[in-house]
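# Survey of secondary and tertiary structure
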Amino acid sequence: DAATSFVHADELRTAFAMATSQMYKNEVPLYGDLVRIVQDINQATLSANNSTNGSDPQGSSSVTPDSPERLNLERHGAIRLGLPSELRTVRHIFAVLGMYPVGYYDLSVAGLPMHATCFRPITSESLARNPFRIFTTLLQPELVKSDDGARDLALQLLSRRKLFTAELLSILNTAEQQQQGHLYADQAEVFIREALRTFSWASGVAASTVDEYARLRAEHPVLADIACFRTAHINHLTPRTLNIDAAQDAMVAEGMAVKERIEGPPRRRCPILLRQTSFLALDEPVHFLCDPSEGDTTTGERNLVQGSHCARFGEIEERGAAVTAAGRRLYDELLAKATAAANDGRTYDEVTADTFRDRYPDDLRELCRQQLIYCRYRCTGKQPTKILEDVMAKYQEAVICWAHRLVDDGVLVAEPITYEDFLPFSAAGIFQSNLQKGSSAASDPTAHPPPPVAPGGAQGSLEEALGCAITDPDTLYAQAQKDSLLASLLELGLTRT
Ligand code: OOG
Ligand code: NI
């Protein structure tokens, strides 16, 4: 029975992401157009890749082609919150969806009185199923100038609003008491419905008067966007494109008012980080509250006044390789350099492209060799015997040392290899005893030392006589030891997961 079984957080996240996307399509139809454009371009890109057999032997395509299913689902969105208590509850909502806060973004560097984190899945498995992320910003009232009372007004408006329905809070409580915070199917349905209210546009009914809105907007537009509304409305949703340049052209061709330039690194053979663009925020009708002094005090109802608000938009993004700390330092350095040089008559894009061209390697092997990007390694099925042999030849002692740690841990056993050869003096003794059969003195070679002979050791002449080289027994034992180590190492780590 579906109602009595737990819903996996990954499944719930996908259902939530799809519901959110549907809601935003209804609220902002232009976002629906954006999704269609991106899906058409992704389809075309994937079939073009397939027909050229995808992988480039020179190693130029750096981003693993995600499964088309995941790609079609992939979205990020953004919300802006006013109070720490709101963020706390939002954290619980996203935990039920298998999304956890990752990364700190100080937005004051861009002149915004806010800081942010991103809620997203954190394991490779969950990311592979659906990487839905929500960029979540929290107002920092202490960064808002306070002389004109805008800050106090914002806090006063925020203290009045309730972002979460009682039903949602009750389900969150239930989830926390259930195994791993999971929900049953019937609870999951209510959870999604109620959580969507928190992030909806709520028909554009504001929580403030026009005057209050104007005062906050004059201080900072984002302050009005957060504090004058009753919901933490999603302000954009972003599908992922495999070709942002083509998608941007298609947006323009459809007549969308598009952001002037694509953010992030320049276009590259090996994409890194993230490139983003958007259609501009729409001016949307809003119903503001009437000033209480003008309202109908007999019924307690307040009339609404028509106004507008500009905040919601649609964004697209192309994702590339995650970079290491070194890769990020180089990116930040080149971006700062390009920004500083952008006034010399060339466009920002030209300067950025030039700045990156010679300085940021654009070859997969080089990016890996310089450890500028992170890679996920996996086996192809081919045995790395030759490479391991080389490594063992070069680092023999270290490998043996390591093997004995594995022995100490009981992972490997070490058995002595049987000596298959002979000892010269023993052999000589045996000779003696055989030559002087029956003599008791023959068992003691010191009693009758062998007669002195000229120093020998002419292996070469024996080999000459043999007509072939004589194998050194040592190489055979070393080989046997190495073979066994090789086989064990392959079995341990490289032939199994
Ligand atoms: C969040 C902006 C950040 C992105 O894609 O970088 C973001 C916001 O506007 O609230 O979503
Ligand atoms: Ni975004």
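Scroll up for the structure.
So, a few notes on the structure that sits alongside this text. Bear in mind that the values here come from a model prediction, so they are computed numbers and not experimental data.

Calculation rules
- Residues numbered from 1 in each chain as written.
- Chains lettered and ligands numbered in written order.
- Predicted model: local features only at pLDDT ≥ 70, side-chain atom pairs only at ≥ 80, totals over all residues.
- Heavy atoms only, no water.
- Buried < 20%, exposed > 50% of the residue type's maximum accessible area, 1.4 Å probe, protein only.
- Helix = DSSP H or I, 4+ residues; strand = E, 2+ residues; numbered from the N terminus.
- Pairing = 2+ DSSP bridges.
- Axes fitted to C-alpha atoms, helices over the stretch in contact; angles between N-to-C directions.
- Contact = heavy atoms within 4.5 Å.
- Near = heavy atom within 4 Å.
- Polar contact = N/O pair within 3.5 Å; in protein donor to acceptor, adjacent residues only side chain to side chain.
- Areas by Shrake-Rupley, 256 points an atom, 1.4 Å probe, with all protein chains shown as cover.
- Nonpolar A, V, L, I, M, F, W, Y, C, P; charged D, E, K, R; others polar.
- Donors = N, O, S within 2.8 Å, 3.2 Å for Na, K, Ca; no water.
- Phe/Tyr/Trp six-rings, centres within 6.5 Å; stacked < 30°, edge-to-face > 60°.
- Expected span 1.5 Å × (residues − 1).
- Parallel < 35°, antiparallel > 145°, perpendicular 65-115°, else oblique.
- Left-handed = near helix turned anticlockwise from the far one by under 90°.
- Salt bridge = Lys/Arg side-chain N within 4 Å of Asp/Glu carboxyl O.
- Core = buried A, V, L, I, M, F, W, Y, C linked by side-chain atoms within 4.5 Å.

Before going further, it helps to examine the pairing of strand β2 (residues 75–81). Counting buried positions along β2 gives 6 out of 7 residues, so the element sits mostly inside the fold. Bridge analysis of β2 against strand β5 (residues 133–139) gives 6 bridges, and the strand direction is parallel. Bridge pairing links H76 to R133 in β5.

A few words now on the sheet that holds strand β3 (residues 100–106). Overall, mixed pairing links the 5 strands, which are arranged β3-β4-β5-β2-β8 in an open sheet. Where the open sheet ends on each side, the last strands, each with one partner, are β3 and β8 (236–239). When strand polarity is set aside, the average angle formed by the axes of neighbouring strands in this sheet is 20°.

For the rest of this paragraph, the subject is the environment of L97. Relative to the elements of secondary structure, L97 occurs in the loop between α4 (84–96) and β3. Sequence-distant contacts of L97, that is, excluding residues within four places in its chain, are made with A9, L12, R13, F16 and F191.

Now for the sheet that holds strand β7 (residues 205–209). As summarised here, the arrangement of the 3 strands in space is β7-β10-β11, forming an open sheet in which the pairing is mixed. The sheet terminates laterally at β7 and β11 (304–310), the two strands that pair on one side only. Strand-to-strand twist of the sheet, defined as the mean angle between neighbouring strand axes without regard to direction, takes the value 45°. Taken together, the 7 bridges between strand β10 (residues 283–289) and β11 define a ladder with antiparallel strand orientation. Counterpart to P285 in the pairing with β11 is S308. Helix α9 (residues 210–219) rests against β7, β10 and β11 of the sheet, and its axis sits at about 80° to β7.

What follows concerns the site of ligand 1. In the vicinity of ligand 1, the residues found are H76, A78, R80, F135, N235, H236, Q276 and E315. A distance of 2.9 Å is found between an oxygen atom of ligand 1 and a side-chain nitrogen or oxygen belonging to H236. In isolation ligand 1 offers 320 Å² of accessible surface; the protein chains occlude 75% of this area. At 3 residues, β2 tops the list of elements feeding residues into the shell around ligand 1. Its residues assigned to classes, the shell around ligand 1 comprises 2 nonpolar, 4 polar and 2 charged.

The subject of this paragraph is the coordination of the nickel ion (ligand 2). For the nickel ion (ligand 2), the full set of protein donor atoms is H76 (NE2), H236 (NE2) and E315 (OE), at a range of 2.1 Å. Sequence spacing among the residues donating to the nickel ion (ligand 2) works out to H-x159-H-x78-E. With H76 in strand β2 and H236 in strand β8, the pair connects residues that are 160 residues apart, well separated along the chain. Exposure remark for H76: the relative accessible area of 7% places this residue in the buried category.

To continue, consider the packing of aromatic side chains. Throughout the structure, instances matching the rule amount to 11 aromatic pairs. Grouped by ring-pair contacts, the aromatic residues F16, F94, F119, F132 and F199 constitute a single cluster.

This part is about helix α1 (residues 9–27). Across its 19 residues, α1 extends 26 Å between first and last C-alpha, which sits within 8% of the 27 Å expected from 1.5 Å per residue. For α1, every residue scored as buried is listed here: A9, D10, L12, R13, T14, F16, A17, T20, S21, M23 and Y24.

The description of two helices packed together rests on the angle between their axes and the distance between the axes. The N-to-C vectors of α1 and helix α8 (residues 185–199) enclose an angle of 40°; their axes lie 10 Å apart at closest approach. The orientation of α1 with respect to α8, classified from their angle, is oblique. α1 and α8 meet at a crossing whose hand is right-handed. The residues of α8 that touch α1, namely those facing L12, A15, F16, A19, T20 and M23, are A188, F191, I192, A195, L196 and F199.

Within the secondary structure, H182 sits in the loop between α7 (166–177) and β6 (183–184). Setting aside residues no more than four positions away along its own chain, H182 makes contact with F6, V7, A9 and A175.

Looking now at the environment of M256. Secondary-structure assignment places M256 in the loop between α11 (244–253) and β9 (274–279). Measuring from C-alpha to C-alpha, the distance between M256 and D33 comes to 9.8 Å, with 223 residues separating the pair along the chain. With residues near it in sequence (within four places) discarded, M256 still touches L30, D33, L34, I37, M251 and F279.

Our next topic: the packing of α4 against α7. For the pair α4 and α7, interaxial distance at closest approach is 10 Å and the crossing angle is 60°. Between α4 and α7, the interaxial angle falls into the category oblique. For the pair α4 and α7, the crossing hand works out as left-handed. Where α4 approaches α7, its residues T89, H92, I93 and V96 are matched on the opposing element by L168, L169, L172, A175 and E176.

With that out of the way, let us pick up the pattern of salt bridges. For the coordinates displayed, the defined rule picks out 30 salt bridges. Close ionic contact of R312 with E27 constitutes a salt bridge, the shortest N to O distance being 2.6 Å. A residue pair is termed long-range when its members are at least 10 positions apart, and R312 in the loop between β11 and β12 (314–319) and E27 in helix α1 qualify at 285 residues. On the basis of relative accessibility, which here comes to 0%, the residue R312 falls in the buried class. Using a relative accessible area of 22% as the deciding quantity, one classes E27 as partly exposed. In this structure, R161 and E86 form a salt bridge, with 2.8 Å as the shortest nitrogen-oxygen distance.

Below, the discussion takes up the nonpolar core. One finds L12, I93, F94, F191 and F199 to be the most contacted residues of the largest nonpolar core, which totals 50 residues. Elements with a minimum of two residues in this core: α1, α2 (29–51), β2, α4, β5, α7, α8 and α11. A total of 7 residues in this core trace back to one element, the largest contributor, which is α8. Setting aside residues up to four positions removed in sequence, F191 forms contacts with L12, I93, V96, L97, L168, I171, L172 and L183.

Shape descriptors only; they carry no functional weight alone.
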